[in-house]
Amino acid sequence: MFNKIFWGFIFLFDFRIQGVDILPDIIGYIMIYSALNYLASESDYFYQARRFALPLAIISIADIYEFKIDTGMFDPLYVVLFISSIVATVLSLMMIYNICYGIAEMARNKEEYPLEKMAIKRWEIYLYITMGVFIFTLIGSVMPQVLILLFLPIFIGAIVKMIILLELFKKANRCLEEKDILRS
């Protein structure tokens, strides 16, 4: 199931052609939800995490096509997109927290203590990077001339936080799922 979460997160990467996301986030969130639904019996954290995956799937529908807003930041569409971005960030943080702590709990129960520690540490790193990226993005939206300077840290932060989670999901798959298959 952690491989399914891994591939769901791959769909959360933003690859666009002429403004259209060719890896729609909604597919990723549905894959994540499906895996979390299966894992819910392993930990209440996974049960909680899946509660955030569905709203994120719905919110992500608006992100399939990238809207161009030229009328300034007080355009009603800009305000709606900005608010939905904040809501999506908060829901995403809550989902990731619960996934990481669900992995930590499973690892502890199976005496995979290095994985438990890794899951908690990855959550902390993810939180700090997400907050940094959010603050930089907020500054860039208020002062567009600074956005050029902030683009590289925002881009690097986004890539790093995805890589650390993908690595965690692969390790969880190896340590928690493959060992269970071998024991059967």
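Note: the structure precedes this text.
This text gives an overview of the structure that appears in the document. This is a predicted model, so every value here is computed, not measured.

Observations concerning the overall build of the chain
Then, number 1: Regarding its fold elements, the chain presents 6 helices and 2 strands.
Then, number 2: When the helices and strands of the chain are listed from N to C terminus, the series reads α-β-β-α-α-α-α-α.
Then, number 3: Compactness check: the chain gives a C-alpha radius of gyration of 18 Å against a globular reference of 16 Å for 184 residues, within 12% of the reference.
Then, number 4: Seen through its C-alpha atoms, the chain measures out along the principal axes to roughly 60 × 25 × 25 Å.

Re helix H2 (residues 25–39)
Then, number 1: Its 15 residues place the ends of H2 21 Å apart at the C-alpha level, agreeing with the 21 Å of an ideal helix rising 1.5 Å per residue.
Then, number 2: Listing the buried residues of H2 in full gives Asp25, Gly28, Tyr29, Ile32, Ala35, Leu36 and Leu39. The buried residues of H2 occupy an angular sector of 125 degrees when projected down its axis, which confines them to one face.
Then, number 3: In the core, the buried residues of H2 are packed alongside helix H1 (2–10), strand E2 (20–21), helix H3 (44–60) and helix H4 (76–109).

Quick word on the environment of Pro153
Then, number 1: Relative to the helices and strands, Pro153 resides in helix H6 (residues 144–183).
Then, number 2: When the C-alpha positions of Pro153 and Thr137 are compared, they lie 9.9 Å apart, and in sequence the two are 16 residues distant.

Section: H3
Then, number 1: For H3, with 17 residues, the first-to-last C-alpha span of 25 Å sits near the 24 Å given by 1.5 Å per residue.
Then, number 2: Along H3, the positions that sit buried rather than exposed are Phe46, Ala49, Arg50, Phe52, Ala53, Leu56, Ala57 and Ser60.
Then, number 3: Looking at the buried residues of H3, the elements they touch are H1, H2 and H4.

Observations concerning a nonpolar patch on the surface
Then, number 1: A cluster of nonpolar side chains, contributed by Ile135, Phe136, Leu138, Ile139, Val142 and Met143, occupies part of the molecular surface with about 450 Å² of accessible area.
Then, number 2: Mapped onto the fold, Ile135 is located in helix H5 (residues 113–142).
Then, number 3: We classify Ile135 as partly exposed; its relative accessible area is 44%.

Topic: the packing of H1 against H2
Then, number 1: Where H1 contacts H2, the two axes come as close as 7 Å, and the packing angle between them is 160 degrees. One way to sum up the angle between H1 and H2 is to call them roughly antiparallel. Crossing of H1 over H2 shows left-handed handedness. Residues Phe2, Lys4, Ile5, Trp7, Gly8 and Phe9 of H1 form the contact with H2, whose participating residues are Gly28, Met31, Ile32, Ser34, Ala35, Leu36 and Leu39.

Digging into the pattern of salt bridges
Then, number 1: Evaluated as defined, the whole model comprises 3 salt bridges.
Then, number 2: The partner of Glu116 in a salt bridge is Arg108, and the shortest N-O contact between them spans 2.5 Å.
Then, number 3: For Glu124, the salt bridge goes to Lys121, with nearest N and O atoms at 3.8 Å. Taken together, the residues span about one helical turn, with Glu124 and Lys121 both in helix H5 at a distance of 3 residues.
Then, number 4: On the basis of relative accessibility, which here comes to 29%, the residue Glu124 falls in the partly exposed class.
Then, number 5: What makes Lys121 partly exposed here is its relative accessible area of 46%.

Cut-offs applied
- Residues numbered from 1 in each chain as written.
- Predicted model: local features only at pLDDT ≥ 70, side-chain atom pairs only at ≥ 80, totals over all residues.
- Heavy atoms only, no water.
- Helix = DSSP H or I, 4+ residues; strand = E, 2+ residues; numbered from the N terminus.
- Rg over C-alpha atoms; globule rule 2.2 N^0.38 Å.
- Expected span 1.5 Å × (residues − 1).
- Buried < 20%, exposed > 50% of the residue type's maximum accessible area, 1.4 Å probe, protein only.
- Arc of directions from axis to C-beta.
- Contact = heavy atoms within 4.5 Å.
- Patch = residues over 30% accessible without salt bridge, like charges linked within 9 Å, V, L, I, M, F, W, Y side chains within 5 Å.
- Areas by Shrake-Rupley, 256 points an atom, 1.4 Å probe, with all protein chains shown as cover.
- Salt bridge = Lys/Arg side-chain N within 4 Å of Asp/Glu carboxyl O.
- Axes fitted to C-alpha atoms, helices over the stretch in contact; angles between N-to-C directions.
- Parallel < 35°, antiparallel > 145°, perpendicular 65-115°, else oblique.
- Left-handed = near helix turned anticlockwise from the far one by under 90°.

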